[in-house]
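Examination of the molecular architecture
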Amino acid sequence: MKKIGIFYGTTSGNTTGIVDEMEFYLRKDDYETFNVADGISQMKDLENLILVSPTYGVGELQADWENVYDEFKNIDFTGKTVAIAGLGNQFAFGESYVGAMKVLYDVVVKNGGKVIGFTSTEGYHYEESEAVIGDQFVGLALDEGNQGNDTPERIEKWIADIKPQFN
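Report on the accompanying structure.

Looking at the pairing of strand E2 (residues 31-35)
Looking along a regular strand, one sees the side chains alternate between the two faces of the sheet. Judged from the five bridges that link them, strand E1 (residues 4-8) and E2 form a sheet pairing that is parallel. When the sheet's bridge partners are listed, Phe7 is paired in E2 with Phe34. A crossover connection joins E1 to the parallel E2 through helix H1 (residues 14-25); in handedness this β-α-β unit is right-handed.

See below:
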């Protein structure tokens, strides 16, 4: 398997904790982590990507992702395999839960990328989400405030599911 690039944005620090947990399950693999606040230029050189963003406002990207969005939407994802994870609050923002995942997903798919790591909506309690296709999220949905106890197991299972699908 080729190197995995983990790209994330964080405001409150919750996403950093999620990325740390992902790194634990990737510790035997070749990976590198990038905070998008420092740029995303390395993204075009990697074939395996994990993109992580909390959702703000009504289904919007986190501020650091927003700052690199113009560059992001111009990346050619042809030949790239991409997994997406999102953080949100399914009760306070139940009408737009983890919507930032869909923003990232749409760009990756439009620009030729293959998205892996869809997860079931079972066990979540939100009103609606743009990040759902059929009965699955377009990636790993996490809610640290309301279901934080489920996070480690969800990450472990998700990483085990996506690793074999990387190039």
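As for the packing of helix H2 (residues 63-72) against helix H3 (residues 99-110)
It is the contact of H2 with H3, at a shortest axis distance of 12 Å, that shows an interaxial angle of 10°. By the angle between their axes, H2 is roughly parallel relative to H3. Of the residues in H3, those touching H2 at Trp65, Tyr69 and Phe72 are Val103, Leu104, Val107 and Val108. Taken together, the residues of the contact of H2 with H3 break down into seven nonpolar, no polar and no charged.

Conventions we followed
Residues numbered from 1 in each chain as written. Predicted model: local features only at pLDDT ≥ 70, side-chain atom pairs only at ≥ 80, totals over all residues. Heavy atoms only, no water. Pairing = 2+ DSSP bridges. Helix = DSSP H or I, 4+ residues; strand = E, 2+ residues; numbered from the N terminus. Right-handed = clockwise from strand over helix to strand, strands pointing away. Axes fitted to C-alpha atoms, helices over the stretch in contact; angles between N-to-C directions. Parallel < 35°, antiparallel > 145°, perpendicular 65-115°, else oblique. Contact = heavy atoms within 4.5 Å. Nonpolar A, V, L, I, M, F, W, Y, C, P; charged D, E, K, R; others polar.

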